[in-house]
Amino acid sequence: MTASTPPAPDRPAGPIDGLWAVVPAGGAGTRLWPLSRSSSPKFLRDLTGTGRSLLQGTHDRLAPLVQDRFLVVTGRAHRDAVAEQLPDVDGAAIVAEPSARDSMAAIGLAAAMLERRDPDAVMGSFAADHVIADPAGFGDAVRVATAAARDGWLVTIGIDPTFPSAAFGYIHLGDDLEGHAGAHAVVEFVEKPSVDVAERYLATGRYRWNAGMFVVRPTVLLDLLAEGDPDFAAALRAIAADPDTLEDAWAGLPKIALDHAVAEPAAAAGRVAVVPASFGWDDIGDFDSLATLLEAPDPSSVTVLGDDALVRAIAATGLVVPGGGKVVAVVGLDDVVVVDTPDALLVTTRARAQDVKAIVAALKESGRTDLT
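The residue numbering used here restarts from 1 in each chain and proceeds along that chain's sequence as written. Where totals are concerned, whole chains, interfaces and linings use all residues; where local detail is concerned, this predicted model gives features only for residues with pLDDT of at least 70, and gives and counts side-chain atom pairs only at 80 or more. Values reported for side chains reflect all heavy atoms of the structure, with hydrogen atoms and water molecules removed beforehand.

1. Remarks on the packing of aromatic side chains
- Between rings of Phe, Tyr and Trp, where Trp is taken as its six-membered ring, a pair exists when centres lie within 6.5 Å; planes separated by under 30 degrees are stacked, by over 60 edge-to-face, and by other angles tilted. Scanning the model with the defined rule gives eight aromatic pairs in all.
- Aromatic side chains Phe138 and Phe279 sit 5.5 Å apart centroid to centroid with 85° between the ring planes, which places their arrangement in the edge-to-face category. Highlighted residues: Phe138 in helix H4 (residues 135-150) and Phe279 in the loop between strand E10 (272-277) and strand E11 (281-282), separated in sequence by 141 residues.
- Over the ring of Phe138 we find Arg61, and its NZ or CZ is 5.6 Å from the ring centre. By definition, any uninterrupted DSSP run of H or I lasting at least four residues is a helix, any uninterrupted run of E lasting at least two residues is a strand, and each is numbered from the N terminus. Throughout this description, the term charge over a ring refers to an Arg CZ or Lys NZ atom that lies within 6 Å of the ring centre and within 35 degrees of the ring normal.

If you want it as structure tokens, here you go:
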């Protein structure tokens, strides 16, 4: 038996009362090097050819649901760039982390801040670097998730898988959630499986991709964290109570993902719900997924992200990013990836796109941090 979100015949319009958008804007996108780097990560880049960065696209998608209720958590090095790209977001709502401590610290701090500001709020945490093709369908899923979160559930949105991916974690759907049509209990979160295991998951119809989207009341999230790590929850609440302590307290916080710190143990205790949804989600994890997302009008030619006039292709397919100002010529190569920038050139294949992160690691190890 499969499970999915039932279509809403009368789609609600307008913002969702009391919902805040928390946008973690972090990560360097190492599989998208040399386009994405630590100084200019993928969430600040226009990777869709729309003229809007991924961060701006995330804001555009969420604003109709939350109006001006945003909290963006980003690295200190990117705070000014985030503020420049989001002029409609209050500068006080852009929180700069002193260092990367993974998602639990970032999202937990936002929860602690909202707990003090609006005790009845619901927060939805949505990454800054995802692409969603159907914003209206996304909004429908968020409305269902928000209603369940008001009843004390930690809610995640599970993406209908389109193929047996080994690159994503999975959510195992349980029974329907009583009183909340379109939501289910979560049996468990499953780490990234092999392709064979993923195929078995898809055959059951009871698994969804874990996109790291969580909707929850801030106090519920922090109380769940306190059950496993009371000191961590107390430290986040203390920082929110006295923001001047952020610098000194931050380095002592555990470096752990929200999934491991809260979602997995809470699911085991039967306290997590999932809203299955299909709205054309992509996290643009590498150049292969970017090529799929952009889809050349002619599948027998290359896809170009940037100035078409700089690319000459003969009997070639794949993705070309001409960012170095020079002409890039590709002849007789299928499923190639060519990324040209002023100081680095990447040539690989779509099949090996995941391996680009190894180049970044090697550059860092050799001291070439100027390139990463």
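After that view, the rundown keeps rolling.
2. Let's talk about the environment of Val327
- Inspection of the secondary structure assignment puts Val327 in the loop between strand E14 (318-322) and strand E15 (328-331).
- Residue contacts are defined here by distance: any two heavy atoms, one from each residue, within 4.5 Å place the two residues in contact. Those residues within four positions of Val327 in sequence are excluded, and the remaining contacts are Leu310 and Arg312.

3. With respect to empty space enclosed by the protein
- Definitions used throughout: a 1 Å grid over protein atoms alone; a cavity as a set of points that fits a 1.4 Å probe which cannot get out; a pocket as an open set with protein on both sides within 12 Å along at least five of seven lines; a lining residue as one with an atom within 4 Å of a point. Grid points are joined across faces, edges and corners, and a volume is the space filled by probe spheres set on the points. Counting across every chain of the model gives one cavity of 30 Å³ or more.
- Its volume calculated, the largest cavity comes out at about 30 Å³.
- Lining the largest cavity are Arg61, Phe126, Ala127, His130, Ile132, Phe138 and Met213.

4. Quick word on the pattern of salt bridges
- The salt bridge definition used is simple: a Lys or Arg side-chain nitrogen within 4 Å of an Asp or Glu carboxyl oxygen. This model, assessed by the stated rule, comprises 12 salt bridges.
- Measuring nitrogen to oxygen at the nearest pair gives 2.6 Å for the salt bridge that ties Arg37 to Asp343. Of this pair, Arg37 sits in the loop between strand E1 (19-25) and helix H1 (54-66) while Asp343 sits in the loop between strand E16 (336-340) and strand E17 (345-349), and the two are 306 residues apart along the sequence.
- A simple rule labels every residue: compare its accessible area, found with a 1.4 Å probe on the protein chains alone, to the largest value its type can have, and call it buried under 20%, exposed over 50%, or partly exposed in between. Take Asp343: its relative accessible area is 44%, and that puts it in the partly exposed class.
- The partner of Arg208 in a salt bridge is Asp160, and the shortest N-O contact between them spans 2.6 Å.

5. With respect to the sheet that holds E17
- Whether two strands pair depends on DSSP finding at least two bridges between them. Spatial strand order, E12-E14-E16-E17: four strands in an open sheet with mixed pairing. Single-partner strands in this sheet number two, and they are strand E12 (302-304) and E17. Between one strand and the next, the sheet's axes are offset by a mean angle of 15°, whatever the strand orientation.
- Bridge analysis of E16 against E17 gives five bridges, and the strand direction is antiparallel. In the strand pairing of E17, Val339 is matched with Leu346. Axes here refer to lines fitted to C-alpha atoms; in helices the fit is confined to the stretch in contact. Angles between the N-to-C directions go from 0 to 180 degrees.

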